[in-house]
Amino acid sequence: QVLLEESGGGLVQPGGSLRLSCAVSGLTYTGYTSGWFRQAPGKERVLVAAISWDGTQTSYDNSVKGRFTVSRDNAKNTSYLQMNSLEPEDTAVYFCAATYYIAGTRTKIHDYDYWGQGTQVTVSS
């Protein structure tokens, strides 16, 4: 059984930072591209960042470029999303996702086969 489990969400003040983690089990993580998506209330789920299976390629939504950094540790079957300079507009449930793909990153929701349950990130003073 493939499981993706996010952690690290919470309440943070504007300008603060959080680091999300996504622990993957039930598959050999090498070869799987990983993505981070978010869904705000009443809005569609959208890509935040994606990283290729070997960590050499990344993709970011324009709204988070320069503030968020995606990374991974294949030895630990884990991907990370470092979020700095958080804004109230970043408030959402954050989901990690994975799919087998070795040619770069994937950026569409339907590209991904496996999903976590999500972790809430709230940016508020």
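The structure this text deals with has already been given above.
Everything in this summary refers to the structure shown in the same document. None of these values were measured; they are calculated from a predicted model.

Once that is clear, we can look at the nonpolar core. Proteins that are soluble and globular tend to have nonpolar side chains buried together. Formed by 26 residues in total, the largest nonpolar core has its most connected members in Trp36, Val48, Phe68, Leu81, Met83 and Tyr94. Residue assignment for this core shows that the elements contributing at least two residues are strand 3 (18-25), strand 4 (32-39), strand 5 (46-51), strand 7 (68-73), strand 8 (78-83), strand 9 (92-100) and strand 11 (119-123). Not counting the four nearest positions on each side in its chain, phenylalanine 68 is found in contact with Arg38, Val48, Tyr60, Leu81, Gln82, Met83, Asn84, Leu86, Asp90 and Tyr94. Phe37, Leu47, Ala50 and Ala97 belong to the second-largest nonpolar core, a separate cluster that totals 5 residues.

Next up on the list: the pairing of strand 7. Side chains Phe68, Val70 and Arg72 project from strand 7 onto a buried face, and the interleaved Thr69, Ser71 and Asp73 project onto a face without burial. Of the pairings in the sheet, the one linking strand 7 to strand 8 comprises 6 bridges and is antiparallel in character. Following the sheet pairing, phenylalanine 68 is matched in strand 8 by methionine 83.

With antiparallel pairing, 4 strands are arranged side by side in an open sheet as 1-3-8-7. Strands with a single pairing partner mark the edges of an open sheet, and in this sheet they are strand 1 (3-7) and strand 7. Across this sheet, the average inter-strand angle for adjacent strands is 15°, counted without regard to direction. Two elements, strand 3 and strand 8, share 6 bridges in a ladder whose sense is antiparallel.

Below, the discussion takes up the pattern of salt bridges. As enumerated under the stated definition, the model contains 4 salt bridges in all. Notably, a salt bridge pairs arginine 67 with glutamate 87, separated by 3.9 Å at the nearest N-O pair. In this pair, arginine 67 is assigned in the loop between strand 6 (58-60) and strand 7 and glutamate 87 in the loop between strand 8 and strand 9, connecting sequence segments 20 residues apart. Judged by relative accessible area, which is 11%, arginine 67 ranks as buried.

Thresholds, definitions, all that
Residues numbered from 1 in each chain as written. Predicted model: local features only at pLDDT ≥ 70, side-chain atom pairs only at ≥ 80, totals over all residues. Heavy atoms only, no water. Core = buried A, V, L, I, M, F, W, Y, C linked by side-chain atoms within 4.5 Å. Buried < 20%, exposed > 50% of the residue type's maximum accessible area, 1.4 Å probe, protein only. Helix = DSSP H or I, 4+ residues; strand = E, 2+ residues; numbered from the N terminus. Contact = heavy atoms within 4.5 Å. Pairing = 2+ DSSP bridges. Axes fitted to C-alpha atoms, helices over the stretch in contact; angles between N-to-C directions. Salt bridge = Lys/Arg side-chain N within 4 Å of Asp/Glu carboxyl O.

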